[in-house]
Amino acid sequence: MAENERFLLAVLAERSGAMDEVAGWLRPDDFADTAHAQLYRCLGALHHRGKPIDGMTLLWEAQRRGLLADGTLTADQLAGICDGSGAGNAEWLGEQVMRSSLTRTAAASARAIRALAENEALAPGRLISHALHALDPLNDARTRWQTTNDTPGPTPTPPPAPTAGNSPPGRVHAALACSTPQPSAQPPQHPGALPGVPPARTSSRTPI
């Protein structure tokens, strides 16, 4: 892990344009070693300002930030990175650093959530809220990892819908019959009668 970080920094410091391959998704926090993280921050600052990147400009940026004065970085560490051995693929090495960072971030989120779950004084609602907050760094790391590595796969073809041609005729007719609303039975109406009004009774007596 530390070797991959050192090799990556050597490539970024020695090969022109290498920062373009990782600057969009690799972050200083992805480095496990604090000195390596600070050196990557220096490289990112030089890249952002459009300055040329090499061993001398990296040394100047590290000194400007006080990294040598406060003991964050030693001259031997910087010399070991800028020794001209920066041969390698920056994107591949960056992916290895990112993979290790994702594993560490997942473990840290799991520990934080476990500690929250063991706190009996924490109400369920607050537990869920704090747990989601503890997952934020992991979600960020996963998003960057997927953006870098995942490619959209082919869209699966949905199965054909069943039709009358490939279903037993009896089942088709039964389904149609069940789905067709049936009219309610109505008593026969006298011709000319109004709906809902019973017909007048006819007398059998002969009129006088």
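Residues numbered from 1 in each chain as written. Predicted model: local features only at pLDDT ≥ 70, side-chain atom pairs only at ≥ 80, totals over all residues. Heavy atoms only, no water.

**Quick look at the overall build of the protein chain**
Here is step 1: Helix and strand counts for the protein chain come out as 8 helices and 0 strands.
Here is step 2: Ordered by position from N to C terminus, the α and β elements of the protein chain give α-α-α-α-α-α-α-α.
Here is step 3: Put simply, the protein chain has 208 residues, and 25% of those count as buried.
Here is step 4: Here the contacts in the protein chain between residues at least 6 apart in sequence split such that 67% fall between residues at least 24 apart.
Here is step 5: Taken as a whole, the protein chain presents about 14,300 Å² of accessible surface, with 58% of it coming from carbon and sulfur. (Helix = DSSP H or I, 4+ residues; strand = E, 2+ residues; numbered from the N terminus. Buried < 20%, exposed > 50% of the residue type's maximum accessible area, 1.4 Å probe, protein only. Contact = heavy atoms within 4.5 Å. Areas by Shrake-Rupley, 256 points an atom, 1.4 Å probe, with all protein chains shown as cover.)

**A few points about the pattern of salt bridges**
Here is step 1: Applying the stated criterion to the full structure yields 8 salt bridges.
Here is step 2: The partner of Arg-6 in a salt bridge is Glu-3, with the nearest N and O atoms 3.4 Å apart. With Arg-6 and Glu-3 both in helix α1 (residues 2–14) and 3 residues apart, this pair spans about one turn of that helix.
Here is step 3: Here Arg-6 falls in the partly exposed class, since its relative accessible area comes to 24%.
Here is step 4: Relative accessible area serves as the criterion here: at 43%, Glu-3 is assigned to the partly exposed category.
Here is step 5: Arg-144 is the salt-bridge partner of Asp-140, the closest N and O atoms lying 3.2 Å from each other. Taken as a pair, Asp-140 and Arg-144 lie in helix α7 (residues 136–149) at a separation of 4 residues, close to a single helical turn.
Here is step 6: Residue classification places Asp-140 among the partly exposed residues on the basis of a relative accessible area of 42%.
Here is step 7: Linked by salt bridges that have partners in common, Arg-49, Glu-61, Arg-64 and Arg-65 make up one network. (Salt bridge = Lys/Arg side-chain N within 4 Å of Asp/Glu carboxyl O.)

**Remarks on the packing of aromatic side chains**
Here is step 1: Under the defined criterion, the tally for this structure stands at 1 aromatic pair.
Here is step 2: Measuring from centroid to centroid gives 4.9 Å for Phe-31 and Tyr-40, while their planes differ by 35 degrees, and the two rings are tilted.
Here is step 3: Here Tyr-40 falls in the buried class, since its relative accessible area comes to 4%. (Phe/Tyr/Trp six-rings, centres within 6.5 Å; stacked < 30°, edge-to-face > 60°.)

**Here we look at the nonpolar core**
Here is step 1: Counting 32 residues, the largest nonpolar core has Leu-8, Leu-12, Leu-26, Phe-31 and Tyr-40 as the members making the most contacts within it.
Here is step 2: Going through the elements one at a time, α1, α2 (34–48), α3 (55–64), α4 (75–81), α5 (90–117) and α7 are the ones with two or more residues in this core.
Here is step 3: Once you skip the residues sitting within four places of it in the chain, Leu-8 turns out to touch Leu-26, Phe-31, Ala-90, Leu-93, Gly-94 and Val-97. (Core = buried A, V, L, I, M, F, W, Y, C linked by side-chain atoms within 4.5 Å.)

**Points about α1**
Here is step 1: For α1, with 13 residues, the first-to-last C-alpha span of 18 Å sits near the 18 Å given by 1.5 Å per residue.
Here is step 2: On the buried face of α1, the contacting elements are α2, α3, α4 and α5. (Expected span 1.5 Å × (residues − 1).)

**What to know about the packing of α1 against α2**
Here is step 1: One can describe the packing of α1 onto α2 by two numbers: an axis separation of 11 Å at closest approach and a directional angle of 20 degrees. Taken together, the axes of α1 and α2 lie roughly parallel to each other. Crossing of α1 over α2 shows left-handed handedness. Side by side, α1 and α2 meet where Ala-2, Glu-5, Arg-6, Leu-9, Leu-12 and Ala-13 of the first sit next to His-36, Leu-39, Tyr-40 and Leu-43 of the second.
Here is step 2: Looking at the contact of α1 with α2 residue by residue, the classes come out as 7 nonpolar, 1 polar and 2 charged. (Axes fitted to C-alpha atoms, helices over the stretch in contact; angles between N-to-C directions. Parallel < 35°, antiparallel > 145°, perpendicular 65-115°, else oblique. Left-handed = near helix turned anticlockwise from the far one by under 90°. Nonpolar A, V, L, I, M, F, W, Y, C, P; charged D, E, K, R; others polar.)

**Structural notes on the confidence of the model for the protein chain**
Here is step 1: The predicted model of the protein chain averages 78 in pLDDT, with 70% of residues at 70 or higher.
Here is step 2: Element-level mean pLDDT values for the protein chain span from 48 in helix α8 (residues 169–179) up to 95 in α2.
Here is step 3: Between residues 162–169, whose pLDDT stays under 50, and residues either more than four places distant or in other chains, the model counts 4 contacts.
Here is step 4: Every residue in residues 203–208 scores below 50 in pLDDT, and together they form 0 contacts with partners more than four places removed in sequence or on other chains. (pLDDT = per-residue confidence, 0-100.)

**Here we look at the side chain of Glu-61**
Here is step 1: As for its position among the elements, Glu-61 is in helix α3.
Here is step 2: The exposure class assigned to Glu-61 is buried, which follows from its relative accessible area of 0%.
Here is step 3: There is a polar contact of 2.8 Å between the side chain of Glu-61 and the side chain of Arg-65.
Here is step 4: Contact partners of Glu-61, with chain neighbours within four places excluded, come to Cys-42, Ala-45, Leu-46 and Arg-49. (Polar contact = N/O pair within 3.5 Å; in protein donor to acceptor, adjacent residues only side chain to side chain.)

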